[in-house]
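# Secondary and tertiary structure notes
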Amino acid sequence: PPIDNRLDPPDGLPRYKSPPLTLLEAHSSSKHIVSDDEIKRNNNKIRAVLGNYKIQLSDVQAIVGPTVTLYKTYPAPGVKISAIKQLQEDIAISLGAKGVRVVTLSDSVGIEVANDIASMVPLKALLNDSSFRESKACLPIAIGYTITQKVKVFDLADAPHLLVAGATKQGKSVGLNVIVSSLLYSCHPSELKFVFIDPKMVEFSAYNKLLNHYLAALPDDSEKEELANVIVKTPKRAEKILRSLCIEMDERYTKLSEAGVNNIKLYNEKYKERKLRPDHGHKFLPYLVVVVDEYADLTMTTGASPEAKAASRSITNSIIRLAQKGRAAGIHVILATQRPSVDVISGLIKSNFPMRIAFRTASRTDSQTILDAPGAEKLIGNGDMLFSAGIDTERIQCGYVSGKEIDAITEYIGEQKGYGKSYNCPYYPYYLPMPADANGEGGTSTDMSDIDERFAEAARVVVTNQKGSTSDLQRKLGMGYAKAGRVMDQLEAAGIVGPQDGTKTRAVLVSDLEALEEILARYGK
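Summarised in this report is the structure supplied together with it. (Residues numbered from 1 in each chain as written. Predicted model: local features only at pLDDT ≥ 70, side-chain atom pairs only at ≥ 80, totals over all residues. Heavy atoms only, no water.)

### Re the overall build of the protein
Within the protein one finds 18 helices and 15 strands. Projected onto its principal axes, the C-alpha positions of the protein cover 95 × 60 × 40 Å. Among the 525 residues that make up the protein, the fraction classed as buried is 50%. Across the protein, contacts joining residues at least 24 apart in sequence account for 68% of those joining residues at least 6 apart. Surface summary for the protein: the accessible area is close to 24100 Å², and the carbon and sulfur share equals 49%. (Helix = DSSP H or I, 4+ residues; strand = E, 2+ residues; numbered from the N terminus. Buried < 20%, exposed > 50% of the residue type's maximum accessible area, 1.4 Å probe, protein only. Contact = heavy atoms within 4.5 Å. Areas by Shrake-Rupley, 256 points an atom, 1.4 Å probe, with all protein chains shown as cover.)

Structure representation (structure tokens):
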């Protein structure tokens, strides 16, 4: 391929303009101010209910948030903190409010109470805040308002991977759109590429307009197929693109090793300083952000075929590999699921996703699974979430971005001149390496160059009895389990038996010995 002479990444699209904030709506009608009467009423009720249990307070201070107000209670000397925490249900009933949560603060005990009327947090307000605009982060994300009405900004490059979970209809998909929109506003197309995996098929469809700017894809036969498959919608395609990302990650580590650096930021700086030669295979490496909307659906194997189970294992292994090693190579994974059970969010997944967001969950157990702590079951929904960066857990009201606003952003970017497949720009859309074809959906291909010495004998037994099962080979030919399994795989690859279908015996595809001898002759048997 031609040498990439572009050393400063934005030169690839010198006239590219970031989307303006005018594309976003202010949602001013959805902003509500908490009245003094409401604060005074709750203050008196908190003092009264604690007084009934002989717990005296020296002071109560209210900190008003968009959906929840934090009442900082300062217990009188000699009062046990645990005594207040045990009264969480009593306080909730006394206040007649949902979403009441008692938390221990550095100087007081906090009682979080839902406001009578919740306020919406528009994305426009988050992105217009100085903490986002002046952020020095590589991948800054403005996720929402804290309880003190400050904008919460974190760096995905430092996260380095994010786990988002919660029950249905509690704000996960909107949260993912806020994350993606923050990155579209903060990063140039040459600095960032997305891989969207969307088993629901509808959540990320607006983003396919970004193919020539922000999306990483597997090369397809035609531009039409490329556009249809760039948002990954099936487990089979997801398994393939995740294997491809693992290959991309390994190739990036080889480049980092050759450059003598230990992360993508230093590598790109060295490349821009002309210390790495493009004709030696070096090029500017964009960050890769992998967004998976419904992880549980990709790994669902109940009643599935062996091929689907193999694909599920491959998907899980690839995601764990990317999460374990991806950070230094600039690959970051955002995993969302509405089923936060231990079979989906396993110990390996949890240990590699230190940053977590929990929207409202159906039970305390689900909250424990996501955050290793209760509390998410007490949230009030509609974007109310707990944000954990490993140590402290913070209550945040997630921002809101509508489908109409997302369409406006993607259209604005999509209408601009994108990267093409011209001589000067052969590497856009950002193509991922093509993984080797697997046998079935994510299994390993059967090696037919090394035919087992008992292959012909087994084939004759299977065709004579018109019954294909590994246990038959073990019993009639005295084979061990591993050898019988290997021979059966080779019989399938040769077209003598069909694929395994649950617990049923395999279908025998060859009806007589005469037809079998023709097949065996092809393999020199």
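On we go.
### What to know about the side chain of Ser-108
Position of Ser-108 relative to the elements: it lies in the loop between strand E3 (101–104) and strand E4 (109–114). A polar atom in the side chain of Ser-108 sits 3.3 Å from the side chain of Asp-107. Filtering out sequence-adjacent residues up to four positions away, Ser-108 remains in contact with Lys-72, Thr-73 and Tyr-74. (Polar contact = N/O pair within 3.5 Å; in protein donor to acceptor, adjacent residues only side chain to side chain.)

### Thoughts on helix H9 (residues 264–272)
Buried residues of H9: Ile-264, Tyr-267, Asn-268 and Tyr-271, and no others. Relative to the axis of H9, the buried residues are bounded by an arc of 95° and lie together on one face. Tucked into the core, H9 has its buried residues touching helix H8 (235–259) and strand E10 (287–292). Its side-chain oxygen placed 3.0 Å from the backbone nitrogen of Lys-265, Asn-263 serves as the N-cap of H9. Just past H9, the residue Arg-274 takes up positive phi, approximately 65°. (Arc of directions from axis to C-beta.)

### Things to note about the sheet that holds strand E11 (residues 331–337)
Spatial strand order, E6-E5-E14-E13-E12-E7-E11-E10-E8: nine strands in an open sheet with mixed pairing. In this open sheet, the two strands that pair with only one neighbour each are strand E6 (151–155) and strand E8 (192–197). Strand after strand, the sheet turns through a mean of 30° between neighbouring axes, direction not considered. For strand E13 (residues 384–388) and strand E14 (residues 393–398), the ladder comprises five bridges, and the chain directions are antiparallel. By the bridge assignment for E14, Ser-388 is matched with Thr-393. (Pairing = 2+ DSSP bridges. Axes fitted to C-alpha atoms, helices over the stretch in contact; angles between N-to-C directions.)

### A look at the pattern of salt bridges
Throughout the structure, instances matching the rule amount to 28 salt bridges. In this structure, Lys-209 engages Glu-411 in a salt bridge whose closest nitrogen and oxygen atoms are separated by 3.5 Å. With Lys-209 in the loop between E8 and strand E9 (216–217) and Glu-411 in helix H14 (residues 403–414), this residue pair connects regions lying 202 residues apart in the sequence. For Glu-411, a relative accessible area of 40% puts it in the partly exposed group. (Salt bridge = Lys/Arg side-chain N within 4 Å of Asp/Glu carboxyl O.)

### Here we look at the pairing of E11
On any regular strand, side chains alternate: one points to one face of the sheet, the next to the other face. Where burial is concerned, most of E11 is hidden: seven out of the seven residues are buried. Judged by which residues are buried, E11 turns out to be covered on both faces: Ile-331, Val-333, Leu-335 and Thr-337 on one side and His-332, Ile-334 and Ala-336 on the other are all buried. The sheet contact formed by strand E7 (residues 162–165) and E11 spans four bridges and is parallel. Residue pairing for E11: Leu-163 is matched across the bridge by Leu-335. In the sheet, E10 pairs with E11 via five bridges, with the strands oriented parallel. Of the residues in E11, the one forming a bridge with Leu-288 is Ile-331.

### With respect to the pairing of strand E12 (residues 355–358)
Alternating residues of E12 divide into Met-355 and Ile-357 and Arg-356 and Ala-358, and every residue in both groups is buried. Sheet topology places E12 next to E13; three bridges connect them, and they run antiparallel. Bridge pairing in E13 links Arg-356 to Ser-388.

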